[in-house]
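# Close look at the chain arrangement
Below are the chains, spelled out letter by letter.
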Amino acid sequence: MKSQRIGLGVALVISTACTVAFLVMDGPRAALSPAFSMVLCGVILYRLVKHPPPPRRWSKQRIIVGAAVLGSGTLVVLAALVRAAVVVPDWPTRLLVLAGIPVVLAIVFWAVRFARREDQTARESMQGTPTD
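Keep in mind that what you see is a predicted model, and the values were worked out from it rather than measured.

Cut-offs and rules
Residues numbered from 1 in each chain as written. Predicted model: local features only at pLDDT ≥ 70, side-chain atom pairs only at ≥ 80, totals over all residues. Heavy atoms only, no water. Helix = DSSP H or I, 4+ residues; strand = E, 2+ residues; numbered from the N terminus. Rg over C-alpha atoms; globule rule 2.2 N^0.38 Å. Buried < 20%, exposed > 50% of the residue type's maximum accessible area, 1.4 Å probe, protein only. Contact = heavy atoms within 4.5 Å. Expected span 1.5 Å × (residues − 1). Phe/Tyr/Trp six-rings, centres within 6.5 Å; stacked < 30°, edge-to-face > 60°. Axes fitted to C-alpha atoms, helices over the stretch in contact; angles between N-to-C directions. Parallel < 35°, antiparallel > 145°, perpendicular 65-115°, else oblique. Left-handed = near helix turned anticlockwise from the far one by under 90°. Nonpolar A, V, L, I, M, F, W, Y, C, P; charged D, E, K, R; others polar. 1 Å grid on protein atoms, 1.4 Å probe; cavity = no way out; pocket = protein on both sides within 12 Å on 5 of 7 lines; lining within 4 Å. Points joined across faces, edges and corners; volume = space filled by probe spheres on them. pLDDT = per-residue confidence, 0-100.

Attention now moves to the overall build of the protein. Along its length, the protein carries four helices and zero strands. Counting from the amino terminus, helix and strand elements in the protein follow one another as α-α-α-α. For 132 residues, the compact-globule estimate of 2.2 N^0.38 gives 14 Å, and the protein exceeds it by more than 25% at 19 Å. By principal-axis analysis of the C-alpha atoms, the protein measures approximately 65 × 35 × 20 Å. Put simply, the protein has 132 residues, and 18% of those count as buried. Considering only intrachain contacts with a sequence separation of at least 6, the fraction spanning at least 24 residues in the protein is 64%.

Next up, the structure:
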């Protein structure tokens, strides 16, 4: 659960920085989208800290649905990044896109590790409780 709070905290800081930057550079209209994501991340982080969810055991159906959603989403994002790396003529944009590919893969591996850890914690907590 700690890694969720860290991830949301990082997203909150980044969206706050984007909101301020867009507000200063382009005006309030440009800052609406990052401001919305900032508020959303803040609310989710607050709820996660105040009311942490108990670890859930992953069923076979949840694993299959998670793999389908995560796998197809990852393939779509990677295909878009590779296409942008090939089509876009600017070298700074290409560098940014090529740096984004390992970031996407790292996020996928983090999500899989988190799911496995949550499942393991749920299994251990179920074994530790007496069944009288």
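Past the structure itself, the notes keep going.
On to helix α1 (residues 2-25). Taking 1.5 Å per residue as the helical rise, α1 with its 24 residues ought to reach 34 Å, and the 34 Å between its terminal C-alpha atoms agrees with that figure. Ser3, Leu8, Ser15 and Thr19 are the residues of α1 that are buried. Phi turns positive, to about 105 degrees, at Gly27, one or two residues after α1.

Bringing the packing of aromatic side chains into the picture now. With the rule as written, the count across this model stands at one aromatic pair. Ring geometry for Trp110 versus Phe114: centroids 5.9 Å apart, planes at 20 degrees, classification stacked. You can see Trp110 and its partner Phe114 sitting in helix α4 (residues 91-128), four residues apart, about one turn around the helix. A residue is classified by how much of its surface remains accessible, and Trp110, at 37% relative accessible area, is partly exposed.

Here the focus is the packing of α1 against helix α2 (residues 32-50). The N-to-C vectors of α1 and α2 enclose an angle of 155 degrees; their axes lie 8 Å apart at closest approach. With respect to their mutual orientation, α1 and α2 come out roughly antiparallel. As α1 packs across α2, the resulting crossing turns out to be left-handed. Two secondary-structure elements touch here, α1 through Gln4, Arg5, Leu8, Gly9, Ala11, Leu12, Ser15, Thr16, Cys18, Thr19 and Phe22 and α2 through Pro34, Ala35, Ser37, Met38, Cys41, Gly42, Ile44, Leu45, Leu48 and Val49. The residue makeup of the contact of α1 with α2, split by class, is 13 nonpolar, seven polar and one charged.

Further remarks concern the layout of surface pockets. Taken as a whole, the largest pocket holds about 370 Å³ of empty space. If you trace the largest pocket, you find 13 residues lining it, with Gln4, Trp58, Trp110, Ala111 and Phe114 closest to the centre. The element best represented in the lining of the largest pocket is α4, accounting for six residues. Classifying every residue of the lining of the largest pocket gives nine nonpolar, one polar and three charged. One number sums up the size of the second largest pocket: a volume of about 290 Å³. Taken together, Trp58, Ile63, Gly66, Ala67, Leu70, Gly71, Ala111, Val112, Ala115, Arg116, Asp119 and Arg123 make up the full set of residues lining the second largest pocket. Listed by contribution, the elements that provide at least two residues to the lining of the second largest pocket are α3 (60-87) and α4. Of the residues in the lining of the second largest pocket, the class split is seven nonpolar, two polar and three charged.

On average, residues of the protein score 85 in pLDDT, and 95% of them are at 70 or above. Within the protein, α1 has the poorest average pLDDT of any element, 84, and α3 the best, 90.

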